[in-house]
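Notes for the structure review
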Amino acid sequence: MTERTLAIIKPDAVERHLAGKIIQRIEDEGFQIRAMRRSHLSAKQAEGFYAVHRERPFFGSLTTFMSSGPAIVLVLEAPDAIKKWRTLMGATDPAKADAGTMRKEFAQSIERNATHGSDAPDTAAYEIGYFFAGLDLL
């Protein structure tokens with residue numbers, strides 16, 4: 001089943017000029033990019049996006065990091081896109097990520113891990129709507 005997911009090339013990867021390599025991998029893996037924009041989240045926007053993690057101990061450092069510089073936000077489409085993108089990203093902790101995954105190749109740490117991806121259909125719908133209006137999606 002074709003589905004959509006949100007992907008973010010995080011500030012650490014943008015800062016290190018890895019966005020082109022990551023986008024190339026996305027396309028090489030068969031994803032269609034349905035929307036894309038460069039965005040610099042404010043602290044308040046990052047807190048809103050990651051509100052589900054508000055009670056977690058890493059919430060403050062995560063939102064500070066995600067508002068530290070520009071990121072590239074994308075809507076990806078493919079059969080089983082959520083699972084496929086999460087597999088391509090690899091484990092959150094790059095030390096535990098499989099060889100050939102984005103995080104194994106591009107991440108610097110568990111927090112500076114280069115990419116984000118929705119984890120379920122309802123999360124994907126919320127996250128896509130956070131960044132893109134329906135008319136933005138091609």
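Data block above holds the structure.
Because the structure is a prediction, the values reported are computed rather than measured.

**Digging into the pattern of salt bridges**
The tally for this structure, following the rule as stated, stands at four salt bridges. We note a salt bridge from Glu-77 to Arg-4, for which the minimum N-O separation is 2.8 Å. In this pair, Glu-77 sits in strand β3 (residues 71-79) while Arg-4 sits in strand β1 (residues 2-9), placing the two residues 73 residues apart along the sequence. When its relative accessible area of 16% is taken as the criterion, Glu-77 is described as buried. Arg-4 sits in the partly exposed class, given a relative accessible area of 29%. The residue Glu-77 makes a salt bridge to Arg-34 at a minimum N-O spacing of 3.0 Å. Placement of the pair is Glu-77 in strand β3 and Arg-34 in strand β2 (residues 32-39), with a sequence separation of 43 residues. Because the salt bridges share partners, they merge into one network encompassing Arg-4, Arg-34 and Glu-77.

**Things to note about the side chain of Thr-101**
Within the secondary structure, Thr-101 sits in the loop between α5 (81-89) and α6 (102-106). Exposure remark for Thr-101: the relative accessible area of 7% places this residue in the buried category. Residues contacting Thr-101, with those up to four places away along its chain left out, are Arg-25, Thr-87, Leu-88, Met-89 and Gly-90.

**Structural notes on α5**
By the burial criterion, the buried members of α5 are Ala-81, Ile-82, Trp-85, Leu-88 and Met-89. All buried residues of α5 fall inside an arc of 135 degrees around its axis, so they share one side. For α5, exposure combined with an orientation more than 90 degrees from the buried face picks out Lys-83 and Thr-87. Among the structural elements, β1, α2 (19-28), β3, α6, β4 (115-117) and α7 (121-131) are those in contact with the buried residues of α5. Positioned one or two residues after α5, Gly-90 has a phi angle of 90 degrees, which is positive.

**Points about the sheet that holds β3**
The strand order across the open sheet formed by four strands is β2-β3-β1-β4, and the pairing between neighbours is antiparallel. Pairing within the sheet leaves two strands with one partner each, and these edge strands are β2 and β4. Mean inter-strand twist for the sheet, computed between neighbouring axes without regard to direction, equals 20 degrees. With three bridges joining them, β1 and β4 adopt antiparallel strand pairing. Looking across to β4, one finds that Ile-9 is bridged to Thr-115. Of the strands in this sheet, β1, β3 and β4 touch α5, which is tilted by about 35 degrees from β1.

**Here we look at the side chain of His-116**
Structurally, His-116 is set in strand β4. A polar atom in the side chain of His-116 sits 3.1 Å from the side chain of Glu-127. Once you skip the residues sitting within four places of it in the chain, His-116 turns out to touch Leu-6, Ala-7, Ile-8, Lys-10, Phe-49, Tyr-50, Trp-85, Met-89, Arg-103 and Glu-127.

**Some thoughts on α7**
Three- or four-residue spacings in an α-helix give side chains the same orientation, since the helix completes a turn every 3.6 residues. Among all positions in α7, only Ala-124, Glu-127, Ile-128 and Phe-131 are buried. Angularly, the buried residues of α7 cover 100 degrees about the axis, an arc narrow enough to put them on a single face. For α7, the exposed residues lying more than 90 degrees away from the buried face are Asp-122, Ala-125 and Gly-129.

Reading the values: the criteria
Residues numbered from 1 in each chain as written. Predicted model: local features only at pLDDT ≥ 70, side-chain atom pairs only at ≥ 80, totals over all residues. Heavy atoms only, no water. Salt bridge = Lys/Arg side-chain N within 4 Å of Asp/Glu carboxyl O. Helix = DSSP H or I, 4+ residues; strand = E, 2+ residues; numbered from the N terminus. Buried < 20%, exposed > 50% of the residue type's maximum accessible area, 1.4 Å probe, protein only. Contact = heavy atoms within 4.5 Å. Arc of directions from axis to C-beta. Pairing = 2+ DSSP bridges. Axes fitted to C-alpha atoms, helices over the stretch in contact; angles between N-to-C directions. Polar contact = N/O pair within 3.5 Å; in protein donor to acceptor, adjacent residues only side chain to side chain.

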